[in-house]
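Overview (structure and organization)
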Amino acid sequence: MENNIMKNTIGLDLGDRNHMVCVLEFYGKVELKNQIENNSESIISFFSGYSGATVAMEAGAQSLWISQLLEKMGLTVLVGNPGKLRMIWKSDKKDDYRDALMLARIARFDPDLLCPIKHRSMETQYDLNQIKARDVLVRTRTNLINFSKGVLKQFGLKVESCGSEVFHKRAADVVPLELKSCLDPILETLEKLTSQIRGYDKQIDQLCKEKYPETIAVRQIRGVGSLTALAYMLILESPDRFPKSRDVGPFLGLTPRRDQSGEVDKQLRITKSGNLYLRRLMVGSAQYILGPFGEDCDLRRFGERLSERGGKNAKRRAVVAV
C-alpha cells in the first residue's frame with residue numbers, strides 16, 4: 001500500500017471556496033476525485049493519506065501558502081505557470097474536474113510541461129507587499145489626477161504643469177466655486193495619498209539600508225533608486241536562482257520572441273513575460289539613464305551606441321538593452 005501511495009499523482013485545481021482534487025494511481029487510472037474546502041484543516045485531513053505523492057497545481061493567489069503547507073507534509077509540489085498551460089485554459093470543455101485531471105496527467109507524463117515556478121519565501125513576500133501596496137496608491141493617485149484634469153478641461157481650465165506630489169495644491173487655486181463640491185474631496189484624498197506614499201518610501205529606504213544592504217550595488221547606477229533596487233532583489237530573491245546572469249533577461253520578458261521555421265526567422269518584439277511591475281521599473285530607470293538628465297557613464301554610452309545604429313526601433317532596443 002505504501003509503495004502505491006508514493007507513486008500517486010494528484011491534480012489540485014484551486015478555488016476561493018473549494019478545491020477540486022483528482023488522484024491518479026500508478027498506471028494513470030483515476031483513483032479518486034473529490035472537492036475539499038479552502039482551509040488548512042481540510043487540506044491537511046485529505047492529503048495526510050498521500051505522503052510522498054506528487055501534487056500539481058497552477059500558480060495563483062492561493063498557491064503560495066497551500067504549496068508550502070503540502071511541502072511541510074512531505075509531498076512533492078509542482079506549481080505550474082498558468083500562462084504556459086494553454087491545453088488547460090484554452091480547452092473547449094473547461095471545468096474544475098477536467099482542470100485537476102489535466103494537471104495530474106501532465107505532471108505524471110512530464111513535469112517540465114508545467115513550466116513549474118518557484119514561490120518566494122513568506123518573509124520575502126511580506127516585504128514585497130510593501131512595494132505592491134505603494135504601487136496601488138501611486139496608480140490610484142494617477143487616476144484621481146487624470147479625473148481632476150478631465151473635469152477642469154471641460155470648463156476651459158488647466159492646472160499648471162507640476163509633479164504628482166504637489167498637484168493638489170496647484171489644482172486648489174484653479175478650481176472654481178461651482179466645482180468645489182465635486183473636486184475638493186478628491187484633492188483632499190490626493191494630499192493624504194501623497195503623504196502615505198512618502199511613508200512607504202521611507203519604509204523602502206529603511207529596508208534597503210537595514211535588511212537588504214546588497215541593494216547598494218544596484219543603486220550605484222545613477223537612475224536606479226531604492227524602489228527599483230529593492231524590487232529587483234525581492235523578485236529575483238536568490239543570486240543562485242539563475243545559472244547565468246543572462247538568464248535574468250528572459251525571466252523578465254526582456255528578450256525577443258522567436259518564430260523560426262525553415263529559412264524564415266522573424267525579428268519579433270520582446271516577450272513581456274515574467275513580472276510586469278519589475279520590468280516597468282527597470283525600463284523607467286533605463287529611460288532616465290538615456291534621457292537628458294542621465295549622467296555620463298559606461299551604461300549610458302553603451303545605450304547611445306545602440307541608438308546610433310539607426311533604424312525604426314533603435315531607441316527602444318537601446319532602452320531594453322540598458
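Residues numbered from 1 in each chain as written. Predicted model: local features only at pLDDT ≥ 70, side-chain atom pairs only at ≥ 80, totals over all residues. Heavy atoms only, no water.

Before going further, it helps to spend a moment on the packing of helix α13 (residues 298-307) against helix α14 (residues 314-321). Contact geometry for α13 and α14: axes closest at 8 Å, N-to-C directions at 150 degrees. For the element pair α13 / α14, the angle class is roughly antiparallel. As for how α13 packs across α14, the hand of that crossing is right-handed. Between α13, through Phe-302, Gly-303, Leu-306 and Ser-307, and α14, the contact on the second element is made entirely by Ala-314, Lys-315, Ala-318 and Ala-321. When the residues that make up the contact of α13 with α14 are grouped by side-chain class, the tally is five nonpolar, two polar and one charged. (Axes fitted to C-alpha atoms, helices over the stretch in contact; angles between N-to-C directions. Helix = DSSP H or I, 4+ residues; strand = E, 2+ residues; numbered from the N terminus. Parallel < 35°, antiparallel > 145°, perpendicular 65-115°, else oblique. Left-handed = near helix turned anticlockwise from the far one by under 90°. Contact = heavy atoms within 4.5 Å. Nonpolar A, V, L, I, M, F, W, Y, C, P; charged D, E, K, R; others polar.)

Right, let's talk about the sheet that holds strand β4 (residues 54-58) for a bit. Overall, mixed pairing links the five strands, which are arranged β3-β2-β1-β4-β5 in an open sheet. The two strands at the open ends of the sheet, each matched to only one other strand, are β3 (30-37) and β5 (76-80). Across the sheet, the mean angle from the axis of one strand to that of its neighbour is 20 degrees, orientation sign disregarded. Sheet analysis places β4 next to β5, joined by five bridges and oriented parallel. Paired with Val-55 across the bridge in β5 is Val-77. Strand contacts of helix α2 (residues 40-47): β1 (9-13), β2 (18-24), β3 and β4, with the helix running at about 160 degrees to β3, the strand carrying the most contacts. (Pairing = 2+ DSSP bridges.)

The next thing to look at is unusual backbone geometry. Residue Glu-237 is not a glycine yet carries a positive backbone phi of 65 degrees. Residue Lys-272 is not a glycine yet carries a positive backbone phi of 55 degrees. As for its position among the elements, Lys-272 is in the loop between β7 (264-265) and α12 (276-290). Look at Lys-272 and you get exposed, because its relative accessible area is 56%. (Buried < 20%, exposed > 50% of the residue type's maximum accessible area, 1.4 Å probe, protein only.)

Here the focus is the nonpolar core. Here is a general trend for soluble globular proteins: nonpolar side chains tend to be buried in one another's company. The biggest cluster of nonpolar side chains holds 19 residues, and the ones touching the most others in it are Ile-131, Leu-227, Leu-230, Ala-231 and Leu-234. Those elements that place two or more of their residues in this core are α6 (122-153), α8 (180-210), α10 (226-236) and α12. Examining the composition of this core, we find that six residues originate from one element, α10, more than from any other. In this structure, Ile-10, Ile-36, Phe-47 and Ile-66 belong to the second largest nonpolar core, which totals 18 residues. (Core = buried A, V, L, I, M, F, W, Y, C linked by side-chain atoms within 4.5 Å.)

What follows concerns the layout of surface pockets. Reported here for the largest pocket is a volume of approximately 1800 Å³. Considering the residues around the largest pocket, the lining is formed by 48 residues, among which Leu-254, Val-319, Val-320, Ala-321 and Val-322 are closest to the centre. Mapped by element, the contributors of at least two residues to the lining of the largest pocket are α10, α11 (248-251), α12, α13 and α14. Class assignment for the residues of the lining of the largest pocket results in 27 nonpolar, ten polar and eleven charged. Counted as a void, the second largest pocket has a volume near 920 Å³. Mapped by element, the contributors of at least two residues to the lining of the second largest pocket are α6, α11 and α12. (1 Å grid on protein atoms, 1.4 Å probe; cavity = no way out; pocket = protein on both sides within 12 Å on 5 of 7 lines; lining within 4 Å. Points joined across faces, edges and corners; volume = space filled by probe spheres on them.)

What follows covers the pairing of β1. The buried fraction of β1 is high, at five of five residues. Burial along β1 is two-sided: Thr-9, Gly-11 and Asp-13 facing one way and Ile-10 and Leu-12 facing the other are all buried. Taking the residues between adjacent antiparallel strands as the criterion, β1 and β2 are bridged by four residues. The pairing of β1 with β4 spans three bridges and is classified as parallel. The partner of Gly-11 across the bridge, within β4, is Ala-56.

The predicted model of the protein chain has a mean per-residue pLDDT of 92, with 98% of residues at 70 or higher. For residues 1-5, every residue scores under 50 in pLDDT, and the model assigns this stretch four contacts once sequence neighbours within four places are set aside. (pLDDT = per-residue confidence, 0-100.)

Let us now look at the environment of Glu-31. One can find Glu-31 in strand β3. Relative accessible area serves as the criterion here: at 44%, Glu-31 is assigned to the partly exposed category. In this structure the C-alpha to C-alpha distance between Glu-31 and Ile-10, which are 21 residues apart in sequence, comes to 9.8 Å. Those residues in contact with Glu-31, other than ones at most four positions away along the chain, are Asn-8, Val-23, Leu-24, Glu-25 and Tyr-50.

Quick look at the pattern of salt bridges now. Across all of its chains, the model carries twelve salt bridges by this definition. A salt bridge links Lys-211 to Glu-123, with the shortest nitrogen-to-oxygen separation between them at 3.0 Å. Linking Lys-211 in the loop between α8 and α9 (215-219) with Glu-123 in helix α6, this pair joins segments that are 88 residues apart in sequence. For Glu-123, a relative accessible area of 48% translates into the label partly exposed. Taking the shortest distance from any N to any O, the salt bridge between Lys-266 and Asp-259 comes out at 3.5 Å. Judged by relative accessible area, which is 36%, Asp-259 ranks as partly exposed. (Salt bridge = Lys/Arg side-chain N within 4 Å of Asp/Glu carboxyl O.)

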